[in-house]
Amino acid sequence: MRRFLTVLFLILTSLTAVAQNDAEAVRILDRFSELALGSPSVSMKFTMETIDQVESTNNKVSGSAILCKESYRIEMPDNIIWFNGETSWSYLPDEKEVTIAKPDRKENSFMTKPSSIFSVYKKGYKVRLLEEKADSWLIDLYPDDINSDHIRIRLSIGKPDLDLRSLEYKYKNGITAILTVKEFDLKKQPAVSEFTFPAADYKGVEVIDMR
């Protein structure tokens, strides 16, 4: 009985630690968020790896993104997305078609709202500093909502520049998406036109308007 109570105490203690926000992790994320969101833009080059444990597949592609407030442009081999804060254009090179839509603003994944990676921790998540290394911090975010489609978000933030090193979404359906950042720049000042589909450069493509 004594051994059982000891084990139960350890389990409850670990669960309580996860359920509470880690003050040091919040301080790191606050600095990370303030720096990124206070910059003219955030631009990055990355690799995106998608691991499907159910289908036993692994897919990796390279891409780039530039974010400016709510606007962004994401370029990947099979898809280019422009979003100007209100309207999105999703271009598929293989199909030579562009879909115009009004995105659901409630979505907070990297592909639907990339700027959320700098502020998502502020509401609806418990935060924990998982590991501190000489050159980086590893921080986990656990959703408060038990019905969330993902189990956790994991951020690797570099020292001393507070640059994003990697971002991982682990979903309940067995899929894990890992964004590994190769270049991270906060100095570019993009033109507004960079976040709108340049129709003149894509003449002849099929337009699907879902607005």
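Residues numbered from 1 in each chain as written. Predicted model: local features only at pLDDT ≥ 70, side-chain atom pairs only at ≥ 80, totals over all residues. Heavy atoms only, no water.

Chemist: I tried to follow the environment of T196 on my own but got confused; where do I start?
Modeler: Looking at the secondary structure, you find T196 in the loop between β11 (175–185) and β12 (206–209). Expressed as a C-alpha distance, the spacing of T196 and G85, which sit 111 residues apart in the sequence, is 9.6 Å. Those residues within four positions of T196 in sequence are excluded, and the remaining contacts are W82, N84 and W89. (Helix = DSSP H or I, 4+ residues; strand = E, 2+ residues; numbered from the N terminus. Contact = heavy atoms within 4.5 Å.)

Chemist: Explain unusual backbone geometry to me, please; I cannot follow it from the model alone.
Modeler: With the exception of glycine, the majority of residues adopt a negative phi angle, and the majority of peptide bonds are in the trans configuration. Residue P160 is bonded to the preceding K159 through a cis peptide linkage, with omega at -5°. Following the sequence through the fold, P160 ends up in the loop between β9 (150–158) and β10 (164–171). Even without a glycine there, the phi angle at S56 is positive, about 55°. On the secondary structure map, S56 appears in the loop between β1 (42–52) and β2 (57–68).

Chemist: When you look at the packing of aromatic side chains in this model, what are you seeing that I'm missing?
Modeler: Any aromatic ring pair is given by two values, namely how distant the centres are and how the planes are angled relative to each other. Under the criterion given, the structure shown has eight aromatic pairs. Between F32 and F118, the aromatic rings sit 5.2 Å apart at their centres with planes inclined by 50°, giving tilted as the arrangement. Residue F32 is found in helix α2 (residues 23–37), and its partner F118 is found in the loop between β6 (97–101) and β7 (125–132); the two are separated by 86 residues along the sequence. Residue F32 shares its accessibility class with F118, and that shared class is buried. Plain terms: the ring middles of Y169 and Y171 are 6.0 Å apart, the flat faces sit at 15° to each other, and that makes the pair stacked. Side by side, Y169 and Y171 carry an identical accessibility label, which is buried. A network of ring pairs unites the aromatic residues W82, Y91, F197 and Y202 as a single cluster. (Phe/Tyr/Trp six-rings, centres within 6.5 Å; stacked < 30°, edge-to-face > 60°. Buried < 20%, exposed > 50% of the residue type's maximum accessible area, 1.4 Å probe, protein only.)

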